Amino acid sequence: MPPRIAVFTKNRSNPGYEAARIGADRAAKRLGATTVHYVPEQPDNVQEQIALIARGIGEKPDAVLFVPVHETAVNGAIVKFDAAGIPLFNFVTRTTAGKRVCFVGSDDRPLAMKLARYLFEKLAGKGEIVVFEGTPASATSGERHNGFLEALKEFPDIKVRASLRGDYLRDVARRVFVEHAAELEGIDAVLSANDYMALGVLDELAARGSSLPLVAGVNAIPEAIAAIEAGRMLATANFDPMAMTSIAVEAAMRYLKGEKIPPEIILPVQIVDASNCAQWNKPFEARPVPTWNDATGQSPGA
């Protein structure tokens, strides 16, 4: 029987987690494993993920790829992987309980700083912006917001008109942008903690027939890339869950063969804008992912 890997993602509403599932499936197929996906029907639902963990453990996978729906609320269930002797490989958001063999992700704070600096430089260091934050339960949201704040310290003439909560969702960000329309009149840019919220803002701007303000996001999802190519969106950062799960599956397979695995694998991030978006303008299934050697810095055969 080929190794079976259980993959736990947070929702079906965020394209980033669709990409994560695709990355896991692609790597598993390439490496001779199978995947089983466990996804809450209600996005980011704690009780559903706890129940899914119990179900997944009962189905006895050889390894688990896992991202928690909440930074701490599922900790009591996570430790049951340890009790069952199932090795855990964590991605996107670090778990805060139990043992994990390896975390695969990108560093959210430097990522956010890099994106914010790029945007502020495009504004020539002066202007008023609105920041869109994700869900408070997500560690990525807090780290990205902190990265934005760090970059703001370097640009004293960039002012934050408002910091709004868009819950990482397109329709929520659009609704919130509409609700604060009067307050946001005349802003120069929108700095969003993910592409989905950025696209929600772009939806509303399109409905108004406006191409302003400048909009930047995170994830490099295909629709954001298309918006950049069309000149509707300024930039995104390639926080890449598909690459993360691809590498995490390979880490799991190597571990199951007895290899030593690094405790953390941090993938580099780049800014995607009009100058380089053509190389990203592909569906997730067609995008390249880093090799194990590139991701870990190991030489071939190591």
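See the structure above.
Treat the numbers as computed from the prediction; the structure is a model and nothing was measured.

When helices and strands are counted, the protein chain shows ten helices and twelve strands. In terms of overall dimensions, the protein chain has C-alpha extents of about 60 × 40 × 35 Å along its principal axes. Among the 302 residues that make up the protein chain, the fraction classed as buried is 54%. Across the protein chain, every contact between residues at least 6 apart in sequence was considered, and the portion connecting residues at least 24 apart equals 74%. When the accessible surface of the protein chain is totalled, it reaches about 12700 Å², and 52% of it is carbon and sulfur. Taken together, the 33 basic and 36 acidic charged side chains of the protein chain have centroids lying 4 Å from each other.

This part is about helix α4 (residues 108–122). Look at α4: 21 Å from first C-alpha to last across 15 residues, which is about the 21 Å you get at 1.5 Å a residue. Where α4 is concerned, the buried positions are Asp108, Leu111, Ala112, Met113, Leu115, Ala116, Tyr118, Leu119 and Phe120. Trailing α4 by a residue or two, Ala124 shows a phi angle of about 55 degrees, which is positive.

Counted under the stated rule, the structure contains six aromatic pairs. Residues Phe8 and Tyr38 carry aromatic rings whose centres are separated by 4.7 Å and whose planes lie at 10 degrees to one another, so their mutual orientation is stacked. Residue Phe8 is located in strand β1 (residues 4–8), and its partner Tyr38 is located in strand β2 (residues 34–38); the two are separated by 30 residues in the primary sequence. Given a relative accessible area of 1%, Tyr38 falls into the buried group. Pairing Phe8 with Phe81 gives two aromatic rings, centres 5.7 Å apart and planes at 70 degrees, and the pair type is edge-to-face.

Right, let's talk about the environment of Glu229 for a bit. Mapped onto the elements of the fold, Glu229 is located in helix α8 (residues 222–229). Accessibility expressed as a relative area gives 47% for Glu229, which makes it partly exposed. Setting aside residues no more than four positions away along its own chain, Glu229 makes contact with Cys277, Ala278 and Asn281. Within polar-contact distance, the side chain of Glu229 engages the side chain of Asn281 at 2.7 Å.

Judged by nonpolar contacts, the single largest core of 90 residues is most densely connected at Leu65, Phe120, Ile129, Phe132 and Leu191. The leading source of residues in this core is helix α9 (residues 241–256), at nine residues. Apart from residues lying up to four places away in sequence, Phe120 is in contact with Gly125, Ile129, Ala151, Leu152, Phe155, Ile158 and Leu191. With 16 residues, the next largest nonpolar core counts Ala6, Tyr38, Val69 and Ile86 among its residues.

The six strands are arranged β2-β1-β3-β4-β5-β11 in an open sheet whose pairing can be described as parallel. Taken across any chain shown, the strands that pair with only one partner, and hence form the sheet edges, are β2 and β11 (264–266). The average angle at which neighbouring strand axes cross in this sheet is 20 degrees, direction not considered. Relative to β11, strand β5 (residues 102–105) runs parallel, the two being bridged by three bridges.

Looking now at the sheet that holds strand β9 (residues 214–218). Taken together, the six strands give an open sheet; going across it, the order is β7-β6-β8-β9-β10-β12, and neighbouring strands pair in mixed fashion. What marks the edges here is a single partner per strand, and that holds for β7 (158–165) and β12 (271–272). Sheet topology places strand β6 (residues 127–133) next to β7; seven bridges connect them, and they run parallel. Bridging from a neighbouring strand, Glu128 pairs with Lys159 of β7.

Along the polypeptide, His145 turns up in helix α5 (residues 139–153). Among the residues examined, His145 registers a relative accessible area of 18% and is labelled buried.

The phi angle at Lys60 is positive, at roughly 50 degrees, despite the residue not being glycine. Along the chain, Lys60 turns up in the loop between α2 (46–58) and β3 (63–66). For Lys60, a relative accessible area of 67% corresponds to the exposed category. In this structure, Ala220 is a non-glycine residue whose phi angle is positive, near 60 degrees. Positionally, Ala220 belongs in the loop between β9 and α8. Relative accessible area serves as the criterion here: at 1%, Ala220 is assigned to the buried category.

About the cut-offs
- Residues numbered from 1 in each chain as written.
- Predicted model: local features only at pLDDT ≥ 70, side-chain atom pairs only at ≥ 80, totals over all residues.
- Heavy atoms only, no water.
- Helix = DSSP H or I, 4+ residues; strand = E, 2+ residues; numbered from the N terminus.
- Buried < 20%, exposed > 50% of the residue type's maximum accessible area, 1.4 Å probe, protein only.
- Contact = heavy atoms within 4.5 Å.
- Areas by Shrake-Rupley, 256 points an atom, 1.4 Å probe, with all protein chains shown as cover.
- Lys, Arg positive; Asp, Glu negative; His and termini not counted.
- Charge placed at Lys NZ, Arg CZ, Asp CG, Glu CD.
- Expected span 1.5 Å × (residues − 1).
- Phe/Tyr/Trp six-rings, centres within 6.5 Å; stacked < 30°, edge-to-face > 60°.
- Polar contact = N/O pair within 3.5 Å; in protein donor to acceptor, adjacent residues only side chain to side chain.
- Core = buried A, V, L, I, M, F, W, Y, C linked by side-chain atoms within 4.5 Å.
- Pairing = 2+ DSSP bridges.
- Axes fitted to C-alpha atoms, helices over the stretch in contact; angles between N-to-C directions.

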